[in-house]
Amino acid sequence: MPAKGPCVSGELPGPKGKKIIDRDTKIMVTQTKAGPIVAKKAKGSLIEDVDGNVIIDLFAGVGVQNVGHCHPRVVQAIKEQSEKFIHIAGTDYYYENQVELAEKLAKSVPGKMPHKVFFTNSGTESVEAALKVAKAATKRQTFVGFISAFHGRTMGSLGVTASKPVHREGFFPFMTGVYHIPYAYCYRCRYKQEYPECDLWCAKILDEVYFDTFVPPNDVAAIVAEPIQGEGGYIVPPKGFLPTLKKIAEKYGILFIDDEIQAGMGRTGKMWAIEHFGVVPDIITTAKALGAGIPIGATIIDSKLDFDRQGRHSNTFGGNPIGAAAALAVLEIIEKEKLLERTQKLGRKSIKRLREMQDDYDIIGDTRGLGLMLAHEFVKDKKSRGINKEARDKIVELALKKGVGVIGCGKSSIRYIPPLTIEEDLLEKAWDILEGCIKTVDKG
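Once a new chain begins, its residue numbering starts again from 1 and follows that chain's sequence as written. At least 70 in pLDDT is required for a residue's local features to be given in this predicted model, at least 80 for side-chain atom pairs to be given and counted, and no such filter applies to totals for whole chains, interfaces and linings, which use all residues. The basis for the side-chain values is all heavy atoms of the structure; hydrogens and waters are excluded.

Caption draft 1: Fine view of the overall build of the protein. Looking only at helices and strands, one finds 13 helices and 15 strands in the protein. Against the compact-globule benchmark of 22 Å for 444 residues, the protein has a radius of gyration of 22 Å, which places it among compact chains. Dimensions of the protein, computed from C-alpha atoms along their principal axes, come out at roughly 60 × 60 × 45 Å. To sort residues, take the accessible area from a 1.4 Å probe on protein chains only and compare it with the maximum for the residue type: under 20% means buried, over 50% means exposed, and anything in between is partly exposed. Relative to its 444 residues, the protein shows a buried fraction of 56%. Here the contacts in the protein between residues at least 6 apart in sequence split such that 73% fall between residues at least 24 apart. Method for areas: the Shrake-Rupley scheme with a 1.4 Å probe, in which residue coverage is limited to the protein chains shown. Of the accessible surface of the protein, which amounts to about 20,200 Å², a share of 53% is contributed by carbon and sulfur atoms. Within the protein, the 55 negative side-chain charges are centred at a point lying 2 Å from the centre of the 62 positive side-chain charges. By definition, any uninterrupted DSSP run of H or I lasting at least four residues is a helix, any uninterrupted run of E lasting at least two residues is a strand, and each is numbered from the N terminus. To get the radius of gyration, use the C-alpha atoms; to get the globule rule, take the number of residues to the power 0.38 and multiply by 2.2 Å. Residue contacts are defined here by distance: any two heavy atoms, one from each residue, within 4.5 Å place the two residues in contact. The sign given to each residue is positive for Lys and Arg and negative for Asp and Glu; His and the chain ends receive no count. To locate a charge, take atom NZ for lysine, CZ for arginine, CG for aspartate or CD for glutamate.

Put into structure tokens, the structure is as follows:
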């Protein structure tokens, strides 16, 4: 694979890719397909498709490849573990690398209290475990969630997901007892106010209105929040939003569940995105980037919330030894390659470049993000702020044709989430290509 950038010749997908897509369409259940990338191999921040086209990956396997595709240390760890044993059932028996991973994760999260870990296979399963822990520990049955939130598509997590109607349509009854309130989306404030003059009304309304009228706070087990909303549009709340919610939660003995599935593992320049806001959660959920592509997730809890007896929750594959080996390698890479510091540096340069694009093109309404969790929101024009899904989709399509893979989020935003290991010159090349695409669409 060429090391210096993208190489696309002809159509995407090419003839080989089209054949595989046709086969996929006939045999695979309808899912979420985002673009015609038919991968053959990937390394670092580059993906080569079956027709020989090479693409710069600015979606990181949808938030999974924080340490880059096929990082040598991850590959080595997988190989070494696969030669020892592949599965024992870590929820019923014991092996050391699962314990070692749990110890490292417990030490990595905010808060001085001791923590315990439950391993899962995916993000939605991590959320399911968090919901059960919260219910069992508090003996309460309801939750507070947020409009535009995404926490998964299984029946418990779907109850707190409120990102798009398509996720929930036709699936009721999913978990009931969730009260959704607007998230702190300052660019499109649901209350038509301006920050900071609003005095964080979007957080304070929970106590002053909801808890004072129809939501009994003593029935609420937990507030479930993403520190940065992911599928909802990469929405970064103002600094005081999450601390205000945590303070309200503490007032009523309500737990705070921090969903870090997309924002965690160094993506924002901190190990956990919640660290930017000075909040200590009671429960943290993670998955995606934890295993660098090997399915593994975790629910990390204040140890005092642990189940009171065996059998309350379990699974078959959680903490799989190969997944644990990969995750230990990821944690080692983040530390040894100083990826948190690197992400902060690249993030500062990147958001500056993205804001310069916003200044130059009328279809970019907002630029936001932390570290390398970045986004543009596309609009009809800056004055009206009208949602412009058409422009967003054209830019995604055009960028791929020119060798840059990006993926949308929210109603009209594009998320930019390259591997944290991406070479600076390659990232600059990606921004150049992206800007060219935005310029073309902006001109109509």
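Caption draft 2: Quick peek at the pairing of strand β11 (residues 364-370). Burial analysis of β11 places six of its seven residues in the buried class, the great majority of the element. In terms of strand pairing, β11 meets strand β12 (residues 373-378) through six bridges, oriented antiparallel. Paired with Leu-370 across the strands is Met-373, a residue of β12. Pairing between two strands requires that DSSP report at least two bridges joining them.

Caption draft 3: Just the sheet that holds strand β1 (residues 39-43), in detail. Pairing is mixed in the open sheet, where four strands are placed in the order β1-β2-β3-β13. On the outer flanks of this sheet lie β1 and β13 (404-405), each paired with one strand and no other.

Caption draft 4: Inspection of helix α13 (residues 424-442) at higher detail. With 19 residues, α13 extends 26 Å from end C-alpha to end C-alpha; this agrees with the ideal 27 Å at 1.5 Å per step. With its phi angle positive at about 85°, Gly-444 sits one or two positions after the end of α13. What a helix should span is 1.5 Å times the count of its residues minus one.

Caption draft 5: Expanded view of the sheet that holds strand β4 (residues 115-120). The sheet built from seven strands is open, its strands ordered β4-β10-β9-β8-β7-β5-β6 with mixed pairing. Looking at the sheet topology across the chains shown, the edges are occupied by β4 and β6 (178-181). The mean inter-strand angle of the sheet, taken between neighbouring strand axes irrespective of direction, is 20°. Pairing of strand β8 (residues 255-259) with strand β9 (residues 283-286), which is carried by three bridges, proceeds in the parallel orientation. Paired with Asp-258 across the strands is Ile-284, a residue of β9. The strands touched by helix α4 (residues 96-108) are β4 and β10 (297-302); relative to β4, the strand with the most contacts, the crossing angle is about 125°. All axes here are fitted lines through C-alpha atoms, helices being fitted over the stretch that makes contact, and every angle between N-to-C directions spans 0 to 180 degrees. Each of β5 (142-146), β6 and β7 (220-225) touches helix α8 (residues 201-213); the most contacted strand, β6, lies at about 130° to it.

Caption draft 6: Inspection of a nonpolar patch on the surface at higher detail. The residues that make up patches have over 30% relative accessible area and no salt bridge, and they are joined within 9 Å when like-charged or within 5 Å when they are Val, Leu, Ile, Met, Phe, Trp or Tyr. Between Lys or Arg on one side and Asp or Glu on the other, a salt bridge is scored when a side-chain nitrogen of the former is within 4 Å of a carboxyl oxygen of the latter. A cluster of nonpolar side chains, contributed by Ile-88, Tyr-93 and Tyr-94, occupies part of the molecular surface with about 410 Å² of accessible area. If you trace the backbone, Ile-88 turns up in the loop between α3 (72-82) and α4. Residue Ile-88 is classed as partly exposed on the basis of its relative accessible area of 37%.

Caption draft 7: Here's a closer look at the packing of aromatic side chains. The criterion for an aromatic pair is that two Phe, Tyr or Trp rings (for Trp, the six-membered ring) have centres within 6.5 Å, with stacked assigned to planes under 30 degrees apart, edge-to-face to planes over 60 apart and tilted to the rest. Following the criterion strictly, the structure yields nine aromatic pairs and no others. Between Phe-85 and Tyr-95, the aromatic rings sit 5.5 Å apart at their centres with planes inclined by 70°, giving edge-to-face as the arrangement. Taken together, the residues span a long stretch of sequence, with Phe-85 in the loop between α3 and α4 and Tyr-95 in the loop between α3 and α4 at a distance of ten residues. With a relative accessible area of 29%, Phe-85 lands in the partly exposed category. With relative accessibility at 7%, the residue Tyr-95 sits in the buried group. Consider the rings of Tyr-179 and Phe-214, whose centres lie 6.0 Å apart with planes at 75°: the pair is edge-to-face. Taken as a pair, Tyr-179 in strand β6 and Phe-214 in the loop between α8 and β7 lie far apart in primary sequence, 35 residues in all. The class for Tyr-179 is partly exposed, based on a relative accessible area of 25%. Grouped by ring-pair contacts, the aromatic residues Phe-146, Tyr-183 and Phe-241 constitute a single cluster. For Lys-239, the ring lying beneath its charged end belongs to Phe-277, and the centroid distance is 5.7 Å. When the NZ atom of lysine or the CZ atom of arginine is within 6 Å of a ring's centre and also within 35 degrees of its normal, the charge is said to sit over that ring.

Caption draft 8: Structural context of the pattern of salt bridges. Evaluation of the coordinates by the stated rule reveals 25 salt bridges. The salt bridge involving Arg-353 is made with Asp-432; its shortest N-O contact spans 2.7 Å. In this pair, Arg-353 sits in helix α11 (residues 339-360) while Asp-432 sits in helix α13, placing the two residues 79 residues apart along the sequence. Here Arg-353 falls in the buried class, since its relative accessible area comes to 15%. Two residues, Asp-366 and Arg-368, come together in a salt bridge whose shortest N-O distance is 2.7 Å. Classification of Asp-366 by relative accessible area gives buried; the value is 16%.

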